[in-house]
Amino acid sequence: MTKHIKTPLPGPKARALIARDAQVVSPSYPREYPFVMSHGRGAEVWDVDGNRFLDFAAGIAVCSTGHSHPRVVQAIQSAAERFLHISSDFWHEGQIRLAERLNGLAPMEEPAMCFFAQSGTESVEAALKLARYVSGRGRFLGFLGGFHGRTMGSLSFTSSKYTQQKGFFPTMPGVTHVPYPNNYRPLFAGAEQGAAVLAYIEDVLFAGLVPPSEVAAILVEPIQGEGGYLVAPDGFLVGLRALCDRHGILLIYDEVQSGVGRTGKMFAAEHWAAVPDIVTLAKGLGSGLPIGAVVAKASIMSRWTRGAHGNTFGGNPLCCAAALATLELVEERYAANAATVGDYFIGRLRELQSRHDVIGEVRGKGLMLAMELVSDRQSRAPARPLCEAVLNRAYQNGLLLLSCGVSTLRFMPPLMVTTADVDEAITLLEASLTEAQAVPRPRASAAHS
Ligand code: PLP
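Residues numbered from 1 in each chain as written. Predicted model: local features only at pLDDT ≥ 70, side-chain atom pairs only at ≥ 80, totals over all residues. Heavy atoms only, no water.

1. Considerations on the site of the ligand
Argument step 1. Close to the ligand lie Ser119, Gly120, Thr121, Phe147, His148, Gly149, Glu221, Glu226, Asp254, Val256, Gln257 and Lys283.
Argument step 2. At 3.3 Å, a side-chain N or O of Glu226 approaches an oxygen atom of the ligand.
Argument step 3. Here an oxygen atom of the ligand and a side-chain polar atom of Lys283 are 3.0 Å apart.
Argument step 4. Looking at the shell around the ligand residue by residue, the class counts come to 2 nonpolar, 6 polar and 4 charged. (Near = heavy atom within 4 Å. Polar contact = N/O pair within 3.5 Å; in protein donor to acceptor, adjacent residues only side chain to side chain. Nonpolar A, V, L, I, M, F, W, Y, C, P; charged D, E, K, R; others polar.)

Following this line, the structure appears as structure tokens:
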């Protein structure tokens, strides 16, 4: 047991709460291990039994400025003292200021406009509706391994895990999936995978199955999140942009996970010279308060007529205040910190890789990093049971992590972490990796949830 872990895990209070939860809360949540939150500060969290953990999951990449950053809390408190809600039927300055700020930061080279939502999935729904509305076209392309949410429209694209679509068919019609380029696990023999996927869309799909003139938009994650933290190979997004332009198709970047400084830049899009027409945001935008946004070229969003789309809670004043404070902090220092500490972190992960043959690939940008576990580097066979075992050992050792893809551990700490936090995480991670390899593996799960 590490010095911060005071009880066997889960502790007695956590066990009691989990038992109560099992009686009254939906069993559908895909929880990986029994951490029950008490409170947090920065990159540290405490469970209800007084055990302290280093949080490299950040509420699935949400707590961008760290837990309860004083400036974010202050902004929420002063907004709450004025009013809690007015609805999107009316105006308030916080929402306008947030739209001005986001439009100023957006990767588009022309004026932009915003639509506000409460979550990632709702932002994706809005982006899809916008694309259909302005194009008058009904089809879409998405990517295998993509994750865009779980409501019926976004779910029609989501394909990072088998269990997400299973039981919910029929989803929205008109979505065709293509492979996401992965040069570590190439699907197209003897080719650079980005170029091969582009050729497949143009020469196979558009030639025989999907008339490009009927495609409203292509929805893509610049770095595929739940699908395994796969970084789009250089040239791929530029090629996708050119393909969209050839056929009058809109390009939507889903930056719900990769946006707001996570990759060391405000938008992951800025890593490549390929500008989207529409971007979706959520997760890190509110530092924990539920807010999503669609940022689109004004030439596109201004074509929505009154009543074409709306909601009740979008642009909630507390969420807008949290988002404004978050964007200020990310612009001032945390995007730069994600780049610097991220470089240090990926170097430390590569060191670990040189000592452990089960680490197949280390990848990512900024503080959106991952390592794929394999049974050995030669075969590259995914090591899912090992990945589950490391996650559990890390929890026992006081480090919160999440997985993605089939057998990938992902690292998405708050953007304010220091190199000392990274050093602590690496020590705990290496211990967990060694312990997990030493114990008999848990059963393999055929369809992980
Ligand atoms: N898009 C991406 C890229 C995501 O990673 C997620 C969630 O993980 C979503 C959309 C859906 O967001 P939410 O869970 O807030 O609906």
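Still more ground to cover, so stick around.
2. Observations concerning the sheet that holds strand S5 (residues 139–143)
Argument step 1. The strand order across the open sheet built from 7 strands is S4-S12-S11-S10-S7-S5-S6, with neighbouring strands paired in mixed fashion. Only two strands of the sheet have a single partner each, and these edge strands are strand S4 (112–117) and strand S6 (175–178). In this sheet, adjacent strand axes meet at a mean angle of 20° when their direction is disregarded.
Argument step 2. Here strand S10 (residues 250–254) runs beside strand S11 (residues 278–281); their pairing, made up of 3 bridges, is parallel. Paired with Tyr253 across the two strands is Val279, which belongs to S11.
Argument step 3. Lying over the sheet, helix H4 (residues 93–105) contacts S4, S11 and strand S12 (292–297), oriented at roughly 130° with respect to S4.
Argument step 4. Seen against the sheet, helix H8 (residues 193–208) touches S5, S6 and strand S7 (215–220) and runs at an angle of roughly 135° to S6. (Pairing = 2+ DSSP bridges. Helix = DSSP H or I, 4+ residues; strand = E, 2+ residues; numbered from the N terminus. Axes fitted to C-alpha atoms, helices over the stretch in contact; angles between N-to-C directions. Contact = heavy atoms within 4.5 Å.)

3. Notes on the domain arrangement of the protein chain
Argument step 1. What the domain assignment lists for the protein chain is domain 1 (12–69 + 334–448) and domain 2 (70–330).
Argument step 2. Each of domain 1 and domain 2 was reduced to a C-alpha centroid, and the two centroids are 25 Å apart.
Argument step 3. Across the domain 1/domain 2 interface, buried area totals approximately 3,200 Å², and carbon plus sulfur atoms make up 59% of it.
Argument step 4. When residues of domain 1 are sorted by the area they lose upon contact with domain 2, His69, Lys365 and Met368 head the list and together hold 25% of the total.
Argument step 5. Taken together, the connections running from domain 1 to domain 2 amount to 2 salt bridges.
Argument step 6. The partner of Glu226 in a salt bridge is Arg410, with the nearest N and O atoms 3.0 Å apart.
Argument step 7. For the side of domain 1 that touches domain 2, the secondary-structure elements that each account for two or more residues are helix H2 (58–61), helix H11 (317–355), strand S13 (359–365), strand S14 (368–373) and strand S17 (408–411).
Argument step 8. Broken down by element, the side of domain 1 that touches domain 2 gets its largest block of residues, 5 residues, from S13.
Argument step 9. Partitioned by chemical class, the residues of the side of domain 1 that touches domain 2 number 23 nonpolar, 10 polar and 7 charged. (Domains from an automatic or database assignment. Buried area = accessible area lost by both parts, 1.4 Å probe. Salt bridge = Lys/Arg side-chain N within 4 Å of Asp/Glu carboxyl O.)

4. Concerning helix H3 (residues 70–82)
Argument step 1. The end-to-end C-alpha separation of H3 is 19 Å, in line with the 18 Å expected for 13 residues at 1.5 Å each.
Argument step 2. Taken together, the buried positions of H3 are Val72, Ala75, Ile76 and Ala79. The buried residues of H3 occupy an angular sector of 95° when the element is viewed end-on, so they sit on one face. Facing away from the buried side of H3 by more than 90 degrees, the exposed set consists of Pro70 and Glu81.
Argument step 3. In this fold, the buried residues of H3 make contact with H11. (Expected span 1.5 Å × (residues − 1). Buried < 20%, exposed > 50% of the residue type's maximum accessible area, 1.4 Å probe, protein only. Arc of directions from axis to C-beta.)

5. With respect to the layout of surface pockets
Argument step 1. Considered as a void within the structure, the second largest pocket measures approximately 840 Å³ in volume.
Argument step 2. Together, 21 residues line the second largest pocket, and Ser88, Gln95, Cys114, Phe115 and His309 are the ones closest to its centre.
Argument step 3. Contributions of two or more residues to the lining of the second largest pocket are made by H4 and S4.
Argument step 4. Within the lining of the second largest pocket, the residues separate by chemical class into 10 nonpolar, 9 polar and 2 charged. (1 Å grid on protein atoms, 1.4 Å probe; cavity = no way out; pocket = protein on both sides within 12 Å on 5 of 7 lines; lining within 4 Å. Points joined across faces, edges and corners; volume = space filled by probe spheres on them.)

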